[in-house]
Amino acid sequence: KAGVTQTPRYLIKTRGQQVTLSCSPISGHRSVSWYQQTPGQGLQFLFEYFSETQRNKGNFPGRFSGRQFSNSRSEMNVSTLELGDSALYLCASSLEKTGFSNEQFFGPGTRLTVL
Amino acid sequence: GENVEQHPSTLSVQEGDSAVIKCTYSDSASNYFPWYKQELGKRPQLIIDIRSNVGEKKDQRIAVTLNKTAKHFSLHITETQPEDSAVYFCAAYLSGTYKYIFGTGTRLKVLA
């Protein structure tokens, strides 16, 4: 099976612009989570989607939004970019099963630089 | 709010020695605790996990222990090798919240 893919891999934007990142989960995985990774802060949870529904959201401003499509692909959007939004954005997919199996598989990430 | 504290932030060991990384979580209802390894420029990858109904799990040179009373879990790597050098992240998950809380990471350096 192909792994989780993310596009684009690198992105340079200027303050005030908006950006859309894309994530394609492993085939059959219906849960997609997004994280922001910055040095010293680890992975900060942005949101999680399952069957086109957002089931949880992290503590990020409303400029950060996302969605999931019927084929489980997901996008996240950041509007009015700020310098502090520069980070590696990771998505992860998991196979939703009853019980405990929640292993997440990560994509390679999108490196966003805001100038 | 939910929180996972991870220590130390950096750890240097000699090749062949053991390394221990510790995490403490705040939500006592958390029931799944994975550990991820992230090599430079690569994606995080699961190396071992433990569920709340188990106290210890081992996979070759890697082991994880869980103390639910203390809300504390640890990663143990024995006979460390240079290829173990990476950043390690712990996480805590509560079923039904669909949310992982990650620690801030430990940069492990194994010196040859």
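Novice: Looking at this structure, I do not really get the environment of B:K37. What am I missing?
Specialist: Residue and element names in this part refer to chain B. Its location among the elements puts K37 in strand 4 (residues 32-38). Separated by 70 residues in the primary sequence, K37 and R107 have C-alpha atoms spaced 9.8 Å apart. If we ignore the near neighbours within four places in the chain, the residues touching K37 are R43, P44, Q45, I47, E83, D84, A86, V87 and Y88. Polar side-chain contacts of K37 include one of 2.9 Å to the backbone oxygen of E83.

Novice: Just checking my understanding: could you explain the sheet that holds strand 3 (residues 19-25) of chain B for this structure?
Specialist: The strands that make up a sheet are held in pairs by hydrogen bonds between backbone atoms, and each pair lies either parallel or antiparallel. All names here are of chain B. The strand order across the open sheet formed by five strands is 1-3-8-7-6, and the pairing between neighbours is antiparallel. Each end of this open sheet is capped by a strand with a single partner; those strands are strand 1 (4-7) and strand 6 (56-59). When strand polarity is set aside, the average angle formed by the axes of neighbouring strands in this sheet is 15°.

Novice: How should I be thinking about the state of the cysteines in this particular structure?
Specialist: Here, disulfide denotes a covalent bond that connects the sulfur atoms of two cysteines. Residues and elements named next belong to chain A. Applying the stated rule across the entire model yields two disulfides over all chains. Linked covalently through their sulfurs, C23 and C91 form a disulfide whose S-S length is 1.9 Å. Taking the torsion about the S-S bond as the criterion, the C23 to C91 disulfide, at about 75°, is right-handed. One end of the pair, C23, is in strand 3 (residues 19-24); the other, C91, is in strand 9 (residues 87-94), and 68 residues separate them in sequence. Neither residue differs from the other here; C23 and C91 are each classed as buried.

Thresholds applied
Counting from 1, residues in each chain are numbered in the order their sequence is written. All chains are assigned letters beginning at A, and all ligands numbers beginning at 1, according to the order in which they are written. Note on the predicted model: pLDDT of at least 70 is required for a residue's local features to be given, and 80 or more for side-chain atom pairs to be given and counted; whole-chain, interface and lining totals, by contrast, use all residues. With hydrogens and water stripped out, all remaining heavy atoms of the structure feed into the side-chain values. Put simply, DSSP H or I for four residues or longer makes a helix, DSSP E for two residues or longer makes a strand, and each gets a number counted from the N terminus. A contact between two residues is defined here by any heavy atoms of the two lying within 4.5 Å. Polar contact is the term for a pair of N or O atoms within 3.5 Å; when the atoms are in protein, one must be able to donate a hydrogen and the other to accept it, and sequence-neighboring residues count only if both atoms are side-chain atoms. Pairing between two strands is assigned when DSSP locates at least 2 bridges connecting them. Comment: axis = line fitted to C-alpha atoms, over the contacting stretch for helices; angle = value between 0 and 180 degrees taken between N-to-C directions. Cysteine sulfurs are considered disulfide-paired once they come within 2.5 Å of each other. Three exposure classes are used, based on accessible area relative to the maximum for each residue type with a 1.4 Å probe and protein chains only: buried under 20%, partly exposed in between, and exposed over 50%.

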